[in-house]
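Chain by chain, the residues run as shown.
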Amino acid sequence: MSQPIPLSVNGKAVTVEADPDTLLVTFLREHLRLTGTHVGCDTASCGACTVLIGGRAAKSCNVLLGQVSGEAITTIEGITPADGSLHPMQAAFKACHGLQCGFCTPGMIMSAIDLLTHHAHATREEVRAGLEGNLCRCTGYHNIVSAVMRAAQAMQAAGGGS
Amino acid sequence: MTQLAYHRPVSAAEAARLAAGDPEAKLLAGGQSIVPSLKLGLLAPSALIDLAGIPELRGIRLQGRTLTVGAMTTHAAVAASPEVRSSIPALARLAEGIGDRQVRNRGTAGGSLANSDPAADYPAAALALGAVLRTTRRPIPADAFFKGLFETALEPGELLTAMEFPVPDRAAYVKLPQPASRFALVGVFLAQTGGAVRVAVTGAAPCVFRVREMEEALARRFAPESLAGIGLAADGLSSDIHGSAAYRAHLIPVLARQAVAQALG
Amino acid sequence: MSAQAPYIGRSVERKEDYRFITGSGTYTDDIVLPHQAYACFLRSPHAHAAIRAIDTAAASAAPGVLAVYTARDLAGIGGLPCGWLIHSIDGSPMKEPKHPVLAEGKVRHVGDPLALVVAESAREAKAAAALIEVDYDVLPPVVDTASAASSAVAVHAEAPDNVCFTWGIGDGAAVDAAFSGAAHVTRFSFANNRLIPNAIEPRAANAQYSPASDSYTLYVTSQNPHVARLLMAAFVLGIPEHKLRVVAPDVGGGFGSKIYVYPEETALVWASRRVGRPIKWTAERSESFLSDAHGRDHVTTAELALDADGKFLALRVDTTANMGAYLSTFAPCIPTILHATLLAGQYATPHIHCKVRAVFTNTAPVDAYRGAGRPEATYLLERIVELAARELGLDPVELRRRNFIRAFPYATPVGLTYDTGDYEATLERALELADVRGFAARRRASEQRGLRRGIGYACYIEACGIAPSNIAGRLGARAGLFEAAELRVHPTGKVTVFTGSHSHGQGHETTFAQVVADRLGIALEDVEIEHGDTGKVLFGMGTYGSRSLAVGGSAIVKAADKIVAKGRKIAAHLLEAGEEDVQFSQGAFRVAGTDRVKTFAEVALAAYVPHHYPLETLEPGLNENAFYDPANFTFPAGTYVCEVEVDPQTGRTRIERFTACDDFGNVVNPMIVEGQVHGGLAQGIGQALLESCHYNEDGQLLTGSFVDYAMPRADDLPDFIVETVRGTPCTHNPLGAKGCGEAGAIGSPPAVINAIVDALAPLGVRDVQMPATPYRLWQTLQAARR
């Protein structure tokens, strides 16, 4: 049953008239056409759909629109500067070749941002453990871990956080 | 998904009332287990009662030797809580090991306990620590809470509100994850409080259970060697492509010994 | 970071990355066409059943439904073609039963599609599909690879014994003779575990018919859109090839699984005209598990004969390979041409014979998955060599060394000629990088903690850059295996390259641009790579078999050389010099011994503004295309060393170190090459430790989601030590490149298992079957104790 749901997406407040049991990822991809958030599975296992809800990583295929009423959602589009520059995490993925086909990448980047937000001094091993919710079939993760380590330095140098 | 009703009550009492009024409704905590079931069509409730807007269900409090965790407290919050880390570090570590980062940010302690998934971690902690599970109606001791596969003592319209964990002298949780889902293939939580020891096992059977023989042996002497010679029968244990009942039976004392060593370490 | 020429050999950051890291890539599911309709396929819940009746009335009447189709509606439409014809030893052609687009009369595996529902939304299509009533006569299924040929049940009437073909290669008599004189024979039986590719982007398609132009456009997750167009147009739907445009936009990984022509996109193209709306389908992951072509699934017995000095005398192999329920596009060539021909490995074994029996079963089709046949061959060889060393009490490294091929070119007894290689070099370097000297101390340290440590080696070779078309044709290929390229030089000297190689993670937009920028002496930024659209690219055979740089890159080089040749003619005219006096280097045409020069851009402009131009002898414009058909396979090789620690109590394995030392010939972008190795290693280690596709005896897929099919996650894997030696360049392509995409997946499984066996050998373990999960290792240890 359709009802008004207020939320903010990438800093913009929106009130949507929608079924509260719509999956958040469906809303983002199909209603808002924010297609950077991807769907890679139907069991909430792969993490390709990871976004930030209130600054914390969540699988948007596993959250209902009704659950995020009043929340602030950030997608990959929302961390991308409008001037063509990159978020330090994005820049690190590029510099370290932390992506190949790119399909898991937005979700991986969102998870990694959450990881560093709450664990700024993570070791390589801790980064691996911290990314267990995101599957990548291309990279073997080695360069993703390197990218997150690089981003950690860059984000600290820039004053921490994102 | 079907066109179902969606409620967002602001108090536990209102939530319980809504649930009591609609036996086909489902309570929605973090949704990390329910949403996948909805997606796959395994669940088709008439309504969802979202508990996220109820402040009284959240929060962590340490009073004397009792740690109280609100039912809607996320795993991430438990893992990061100074109160939990100082009083029952094993519980913080358990929370830190549930699912993955994204699941821990959404999934809740109460949701996990009320779901009573046979491979979930929290039931082992609740049972081994001898927690009291508070509901909108009554306190339920953990020993009386877990009834079977996805089955608890909660009655229709009864809502889990908080868990009270007695702070033990020592505790530890060790699990061997199923390689794909990373749920516990077998997980052993053990806790020593005064002269008493409780050992709870998850993942190995349709429902979390205690191992009295180990408890008694460890109560006599809390050391890994005390478990020597204690074997578990495979009868009644779960068997699937990831591990036979015999393998699970084998793992229980192995992980229990590791847990004792960890608790002592 | 802006790089400068020369670009080849430098780890240039990828040109394609910006769109992926910002979420602005365009994958098939991201495309929504005007008046978009959506599809859902009804799939068989049974592994094997006769279809008595299908009632679509309720589905057709459901809300939002535009059409429901079954096989009856597709009458006259051909089956999905198989691109490779294998002949049995007795000369008979393989059994080639029809692979219908929608199941006809029978369903043959769980997930076999038998109806297509088109609706206004995906949700409505799915809801309607559930309303289709099918009356099944459930039949007993054939599931097990090893026993399929002795089953009383036939998957196809055309193959009553379920045997598709029984093929052989090598001199069996010579092998028998060598065995009879052998000092030692090592025997090894194993199953190469069935895998599910699981590219993270599920398969998807969006098909549109335009009455205005009487033509079709198909957006599809494909590794080779031209091949898809050719097969679909010419062999299945009967659409004129020039009336079908196939676009493979950004594709989220393939690993083989997106090479093939599948029923879903074929049905969508057909239905798009009838419905008069574009139709989109995106697989749910559960569907991917059931319907993507799986990989591996061999059951093999091997015997190695050695003389008293440990020299290999002969190898005898008998393999049964599961084809699944239908022949997928390249299925028959995988266990034959890409498996048996690799059985010499890095060794000068004089006599080899391999028999391959391919069987049908009531499981999803099996086809190429990263490595495709070569991982199976390498696993066999590198395990049996290790077993032989153990049996003979020899150091496994020493046994390998004694048998290395050391003179090139080398003709193997199984049909290939290796052009070049230096196996000692990669072995030596791998041993150094892996700190093999320090292993004994590390083992002692592990043992003090109650853990077992082992080290394992694998020296692999692969045949890449498939293949010379004429040789492939003799081996049964029904298609050419060249690659095509076009270089379009714009009047300003900027260049667009059109390549038939498709990039779905490989970084072609960067690597190919590096090649072209160097060849033409222009800036990397001035080169753009276009791929994946039959409406733009002249032709292409696509991306698989680690062939893109060796074959596709060579076609690009050929086209670039034609550009330079024409440019020289133009420059000679402009410079009033003889063509033979004009030299081209670093982006400029110069008259030798003078200061007269024309830049590449000036020549390009002259070609498009031909005011001072030899129009009587030369066409204006600067645009060339080229087709490159390789003279031979390429033969990348290397040594992998794995070190594991096993907890004998739980059976849990941790990879402590993994070292890969490869010879890929010349390398264009080392960073991208290392990334390819990393990814291959993860998939190979996944096969060895985690991944296994499991059907139960009813033919139900028990590992039908990521909850039961264990994919490698970041913390399952170690940091990798990867190095590419300054190797032996390929002798027959202009880049000297061999290919790097599959090596990691080929070399790593035996290295891992050899390490685990080494760790557990003191406990009586001789072999461990893949995947070596904790449960499997516990079972193995239990059996060894008995």
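Each chain has its residues counted from 1, running along the sequence as written. A letter from A marks each chain and a number from 1 marks each ligand, given out in the order of writing. Per-residue local features of the predicted model are confined to residues with pLDDT of at least 70, and side-chain atom pairs are confined, for both listing and counting, to 80 or more; whole-chain, interface and lining totals are unaffected and use all residues.

Enquirer: Help me understand the overall build of chain C in this model?
Expert: Secondary structure elements are taken from DSSP: a helix is a run of H or I of four residues or more, a strand is a run of E of two residues or more, and numbering for both begins at the N terminus. Counting its secondary structure elements, chain C contains 18 helices and 28 strands. In this description the radius of gyration comes from C-alpha coordinates, and the expected globular size is given by 2.2 Å times residues to the power 0.38. Taking 2.2 N^0.38 as the reference for a compact globule, 786 residues should give roughly 28 Å; the C-alpha atoms of chain C span a radius of gyration of 27 Å, in line with that estimate. Seen through its C-alpha atoms, chain C measures out along the principal axes to roughly 90 × 75 × 50 Å. Buried, partly exposed and exposed are defined by the number of other C-beta atoms within 10 Å of a residue's own C-beta, namely 20 or more, between the two limits, and 12 or fewer respectively, with C-beta atoms placed from the backbone. Expressed as a percentage of its 786 residues, the buried residues of chain C come to 62%. Any residue pair is listed as a contact if its two C-beta atoms, each placed from the backbone, are within 7 Å. Taking the intrachain contacts of chain C between residues at least 6 apart in sequence as the baseline, contacts between residues at least 24 apart amount to 80%.

Enquirer: Looking at this structure, I do not really get the overall build of chain B. What am I missing?
Expert: Scanning chain B for helices and strands turns up 11 helices and 14 strands. Relative to the compact-globule value of 18 Å for 265 residues, chain B shows a C-alpha radius of gyration of 18 Å, a close match. Principal-axis analysis of the C-alpha atoms gives chain B an extent of 55 × 45 × 30 Å. When the 265 residues of chain B are sorted by exposure, 55% land in the buried category. Contacts in chain B between residues far apart in sequence, at least 24 positions, make up 60% of those at least 6 positions apart.

Enquirer: How should the packing of helix 14 (residues 548-575) of chain C against helix 15 (residues 600-608) of chain C be read in this particular structure?
Expert: Helix-helix packing is described using two parameters, namely the angle between the two axes and the distance between the axes. Residues and elements named next belong to chain C. Axes here mean lines fitted to C-alpha atoms, for a helix over just the part in contact, with angles spanning 0 to 180 degrees between N-to-C directions. For the pair helix 14 and helix 15, the least separation of the axes is 10 Å and the interaxial angle reads 90°. As summarised for this structure, helix 14 and helix 15 are arranged roughly perpendicular, according to the angle between their axes. Residue-level inspection shows Gly567, Ile570, Ala571 and Leu574 of helix 14 in contact with helix 15, the latter providing Phe600, Val603, Ala606 and Ala607. Among the residues making up the contact of helix 14 with helix 15, the classes are represented as seven nonpolar, one polar and no charged. For classification, angles of less than 35 degrees are called roughly parallel, those exceeding 145 degrees roughly antiparallel, those between 65 and 115 degrees roughly perpendicular, and all remaining angles oblique. When residues are grouped by polarity, Ala, Val, Leu, Ile, Met, Phe, Trp, Tyr, Cys and Pro land in nonpolar, Asp, Glu, Lys and Arg in charged, and all others, Gly among them, in polar.

Enquirer: Sorry if this is basic, but what is going on with the interface of chain B and chain A here?
Expert: How large an interface is tends to be reported as the accessible area lost when its parts come together. Listed as interface residues are 21 residues of chain B and, on the opposing side, 25 residues of chain A. The set of elements that each furnish at least two residues to the side of chain B that touches chain A consists of strand 1 (5-7), helix 2 (34-39), strand 3 (47-50) and helix 6 (101-106) of chain B. In terms of residue count, the dominant contributor to the side of chain B that touches chain A is helix 6 of chain B (five residues). Across the side of chain B that touches chain A, the residue classes tally to 10 nonpolar, five polar and six charged.

Enquirer: In this structure, what is going on with helix 18 (residues 774-785) of chain C? I would like to understand it.
Expert: Turn by turn, an α-helix covers 3.6 residues, leaving residues three or four places apart pointing in a common direction. Expected helix span is given by 1.5 Å per residue-to-residue step, counting one fewer step than there are residues. For helix 18 of chain C, with 12 residues, the first-to-last C-alpha span of 16 Å sits near the 16 Å given by 1.5 Å per residue. When helix 18 of chain C is considered as a whole, its buried residues turn out to be Pro774(C), Tyr775(C), Arg776(C), Leu777(C), Trp778(C) and Thr780(C).

Enquirer: Quick question: what am I supposed to make of the domain arrangement of chain C here?
Expert: As used throughout, domain bounds are those supplied by an automatic or database domain assignment. By domain assignment, chain C separates into domain 1 (17-23 + 482-628), domain 2 (31-139 + 201-252 + 258-291) and domain 3 (298-467 + 632-785). Each of domain 2 of chain C and domain 3 of chain C was reduced to a C-alpha centroid, and the two centroids are 36 Å apart.

Enquirer: Help me understand the domain arrangement of chain B, please; the structure alone is not making it clear to me.
Expert: Residues and elements named next belong to chain B. Taken as a whole, chain B is organised into domain 1 (5-166) and domain 2 (171-264). A straight line from the C-alpha centre of domain 1 to that of domain 2 covers 23 Å. Taken together, the contacts link 21 residues of domain 1 with 24 residues of domain 2. Those elements that place two or more of their residues in the side of domain 1 that touches domain 2 are helix 5 (89-96), helix 8 (122-129) and strand 8 (146-148). Among the elements that take part in the side of domain 1 that touches domain 2, helix 8 stands out by supplying six residues, more than any other.

Enquirer: Looking at this structure, I do not really get the confidence of the model for chain C. What am I missing?
Expert: Segments scoring low in pLDDT should not have their predicted coordinates read at a detailed level. The predicted model of chain C has a mean per-residue pLDDT of 96, with 100% of residues at 70 or higher. For this predicted complex, the interface confidence reaches an ipTM of 0.97, while the overall pTM sits at 0.97. The pLDDT value expresses, per residue, how confident the predictor is, ranging between 0 and 100.

Enquirer: What is the right way to read the environment of Asp114(A) from this model?
Expert: In this structure, Asp114(A) sits in helix 4 (residues 105-118). Sequence-distant contacts of Asp114(A), defined by excluding residues within four places in its chain, comprise Leu52(A), Arg56(A), Ala57(A) and Arg101(B).

Enquirer: Can you walk me through unusual backbone geometry in this structure?
Expert: In terms of backbone geometry, most residues other than glycine have negative phi values and most peptide bonds are trans. In the segment running from Phe408(C) into Pro409(C), the intervening peptide bond is cis, with an omega of -5°. Met770(C) connects to Pro771(C) through a cis peptide bond whose omega is -5°. In this structure, Pro771(C) sits in the loop between helix 17 (743-760) and helix 18. A positive phi is found at Arg33(A), a non-glycine position, where the angle reads about 55°. Within the element layout of this structure, Arg33(A) appears in the loop between helix 1 (24-31) and strand 3 (50-53).

Enquirer: So what exactly am I meant to see when it comes to helix 11 (residues 439-448) of chain C here?
Expert: Within helix 11 of chain C, only one of the 10 residues are buried, which leaves the element largely exposed. Phi turns positive, to about 80°, at Gly450(C), one or two residues after helix 11 of chain C.

Enquirer: Help me understand the interface of chain A and chain C in this model?
Expert: Contact with chain A, which involves 45 residues of that partner, is made by 43 residues of chain C. At the level of elements, helix 2 (76-79), helix 3 (88-95), helix 4, helix 5 (124-130) and helix 6 (142-157) of chain A are the ones that each hand at least two residues to the side of chain A that touches chain C. Across the side of chain A that touches chain C, the residue classes break down as 21 nonpolar, 17 polar and seven charged.

Enquirer: When you look at the packing of helix 3 of chain A against helix 4 of chain A in this model, what are you seeing that I'm missing?
Expert: All names here are of chain A. Where helix 3 contacts helix 4, the axes come no closer than 10 Å and their chain directions differ by 125°. Classified by the interaxial angle, the pair formed by helix 3 and helix 4 is oblique. When the axes of helix 3 and helix 4 are compared, the crossing they make is right-handed. On helix 4, the residues that touch Met89, Gln90 and Phe93 of helix 3 are Thr105, Ile109, Ala112 and Ile113. In terms of residue class, the contact of helix 3 with helix 4 is built from five nonpolar, two polar and no charged. For a crossing to be left-handed, the near helix must be turned anticlockwise from the far one by less than a right angle; the clockwise case is right-handed.

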